[in-house]
Amino acid sequence: MPRKKMVPVILCLMLIFGNLPVLETAKADNGSVSITATSLNVRNGPGLSYPVTGSVKKGEKFPIIKEEGDWIQLSLGGSKKGWVAQWFAVREGVKPAVTQKPAGNSGSVTADGLRVRKGPGTNYDVIGSFNRGQAVEVLSSKGNWAEVRTAALQGWVAMEYINSKKNETTAQPSKPAVSSGTVTATSLNVREKPSLNASRVGQLNNGAVVPVHSQSNGWAEITYAGKKAWVSADYLKISGTPSSGSASPAPADQFTGTVTASNLNVRDKNSLNGSVIGSVSKGQNFKILDEKNKWVKIEYQSGKTGWAASWFFDIKKSGPTAAPSQPVKNSNVSILHDGTNIRKGPSTGTPVIFRANQGDSFEIISVEKDWYKIALPNGATGFVAGWIVSVQGNAPQIEKPGAEKHTKNKTIVIDPGHGGRDNGTTGVRGSLEKTITLKTAQLLYEKLRAAGTNAVLTRNNDQYISLGSRVSSSHYHNADAFISIHYDSINDRTVRGMTTYYYNSKQKPLGDQIHSSVVSKTMLKDRGSRFGDYHVIRENRQAAVLLELGYLSNPAEEMLVNTQQYQEAVANGIFEGLARYFKNN
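**Q** Please explain the nonpolar core as it appears in this structure.
**A** In summary, soluble globular proteins display a tendency toward joint burial of nonpolar side chains. One finds Ile298, Ile414, Ile483, Ile514, Leu549, Ile574 and Leu578 to be the most contacted residues of the largest nonpolar core, which totals 53 residues. For this core, the leading source of residues is helix H9 (residues 564–584), giving eight residues. Sequence-distant contacts of Ile298, that is, excluding residues within four places in its chain, are made with Val266, Val280, Phe286, Lys287, Ile288, Leu289, Lys304, Thr305, Gly306 and Phe313. Core analysis: the next-biggest nonpolar cluster, separate from the first, contains 18 residues, Ile364, Val367, Tyr372 and Leu376 among them.

**Q** Sorry if this is basic, but what is going on with the side chain of Glu433 here?
**A** With respect to the secondary-structure elements, Glu433 resides in helix H4 (residues 433–450). It is Arg459 that comes nearest to the buried, bridge-free Glu433 among opposite-charge side chains, at 8.5 Å. For Glu433, the side chain forms a polar contact with the main-chain nitrogen of Tyr487, separated by 2.9 Å. In this view, Glu433 contacts His418, Asn423, Gly424, Thr425, His486, Tyr487 and Leu552; residues no more than four positions away in its chain are not counted.

**Q** It is not clear to me how the sheet that holds strand E38 (residues 411–416) should be interpreted in this structure. Could you clarify?
**A** Where strands meet in a sheet, backbone hydrogen bonds hold them as pairs that are either parallel or antiparallel. The mixed open sheet is built from six strands, whose spatial order is E39-E38-E40-E43-E41-E42. Since the sheet does not close on itself, it has two edges, and those belong to strand E39 (454–457) and strand E42 (526–531), each with one partner. Each strand axis lies, on average, 20 degrees off the axis of its neighbour in the sheet, ignoring direction. Relative to strand E43 (residues 544–551), strand E41 (residues 498–502) runs antiparallel, the two sharing three bridges. Bridging across to E43, Tyr501 finds its partner in Leu546. Sitting on the sheet, helix H5 (residues 467–476) touches E38, E39 and strand E40 (481–488), and the angle it makes with E38 is about 170 degrees. Its contacts with the sheet place H9 against E38, E40 and E43, and it is angled at close to 150 degrees to E40.

**Q** Is there a simple way to explain helix H6 (residues 508–522) in this structure?
**A** Every α-helix carries 3.6 residues per turn, so stepping three or four residues along brings you back to the same face. Taking 1.5 Å of rise per residue, the 15 residues of H6 would be expected to cover 21 Å, and the 21 Å separating its terminal C-alpha atoms lies within 8% of that figure. Residues of H6 that are buried: Leu510, Gly511, Ile514, His515, Ser517, Val518, Val519 and Thr522. Buried residues in H6 make contact with E40, E41, E42, E43 and H9. Immediately downstream of H6, the backbone of Met523 shows phi near 60 degrees, a positive value.

About the cut-offs
- Residues numbered from 1 in each chain as written.
- Predicted model: local features only at pLDDT ≥ 70, side-chain atom pairs only at ≥ 80, totals over all residues.
- Heavy atoms only, no water.
- Core = buried A, V, L, I, M, F, W, Y, C linked by side-chain atoms within 4.5 Å.
- Buried < 20%, exposed > 50% of the residue type's maximum accessible area, 1.4 Å probe, protein only.
- Helix = DSSP H or I, 4+ residues; strand = E, 2+ residues; numbered from the N terminus.
- Contact = heavy atoms within 4.5 Å.
- Lys, Arg positive; Asp, Glu negative; His and termini not counted.
- Salt bridge = Lys/Arg side-chain N within 4 Å of Asp/Glu carboxyl O.
- Polar contact = N/O pair within 3.5 Å; in protein donor to acceptor, adjacent residues only side chain to side chain.
- Pairing = 2+ DSSP bridges.
- Axes fitted to C-alpha atoms, helices over the stretch in contact; angles between N-to-C directions.
- Expected span 1.5 Å × (residues − 1).

Nothing here speaks to function; it is geometry throughout.
Right, here's the structure in full:
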């Protein structure tokens, strides 16, 4: 063929083969996404560890190539492609093309807090969660996702967390039952023994019917998965007469909790990452159904259970085991330090309702544990720790030397980060770091002063203080410890937790003690105590640390750190950490 005639043919072939990728993409229609972040990093792989190759802006739309975990690969035009985090993108459309499986397969969940979604992918909304051991019916599958259902919930879960098998009825009850029980709670834990401390072997959904063999001390013995197990009898509607042939279990401790927060979220799992499913209010009392990792499970509405943070509850053992109060007449307490906390109950976990100053005197009504119940000027009553006051009259003087004996007469310089024209970081809901650091510092200052510590603030209002001046204050006062208080921020809104920084080996013991104590009190995610090159600790000759007490860029954590309960927990944690440090050094 002549060369001139070959040119048009070659051009046609180039056009045809050049369009083949487009035709292939059109066939695999995975929908598209719209970007929700102001500026979102694009990476060359599905994870934060991959390099950033570019960025996309809010409102821009891109076709989806594929998904992997919580990441989406996008077509960015031409041959360009990249990965973005799915939580900053909204799906525009999808063609599911689900492959159906025959109904009738059963399975069990192999992970706690398994998220249930509206569709087969991480881009779909979370509509609930399952716990380890929960029985489900497997309806269909698509790729690595399984559509499952229970009596209360139907949706999609990651298939790797479902142990699927054909329905069989080979399991035999361990012994004949003379009654049956119907579960009345949304979900009911099944345990090896009749105690909240016993291992959990599974979970029953609302409406499930189980054979009941016996009842004792608020627990019911049932058959679960062919074996003997126990559930709380309070959440079973039992018909028939339970057998009395089995031995009675040992009495189990029961606990109740009183909400101390003004308004407290109830979540579907024991984590701040859990979905909010309800709320409870200050003063409400609930029976504690379960406790795990500083979270408690309660029935917040009739038939509905959920998890709430235990540090917002005043938890007590039920029944007549609590120590009775001792009435007192003709006695008074005298306050020894300015800023002494008067609380609602005889515990540091109860709210502060009044603050007293040195020399104030109050009539003692009674003694409860190591606390005095006193009459306040407004006619109300409150509680003050017995070991931080003196007594006039015939009431016993409570001696309980604790943390305050190790911090007494020590000089602590407290440095609230930022201030004035320097706002620090701004939270996703508008919180200013400079405001929260000052609030935290003032609470810690009051607590230390009340314990006889020589506490000093580098600033006590919204004013700008240079970094050099903050360090100079530490040197001028010859501080035994310098504590710089901050809150963190990052572009990734899922990051959360607390980090403590020190600059040299002299500062490390102080950082380690304060860090572990604050994490214990607040239950924040532990991001560790580590080296940090920050001016206020690098140039400081004293024992100095810098605390990052949570991420304002995380919406849930921003709400948490603004609460009075959290601020009190931080102050208590720093105080106890200081006491441990001085005790050992």
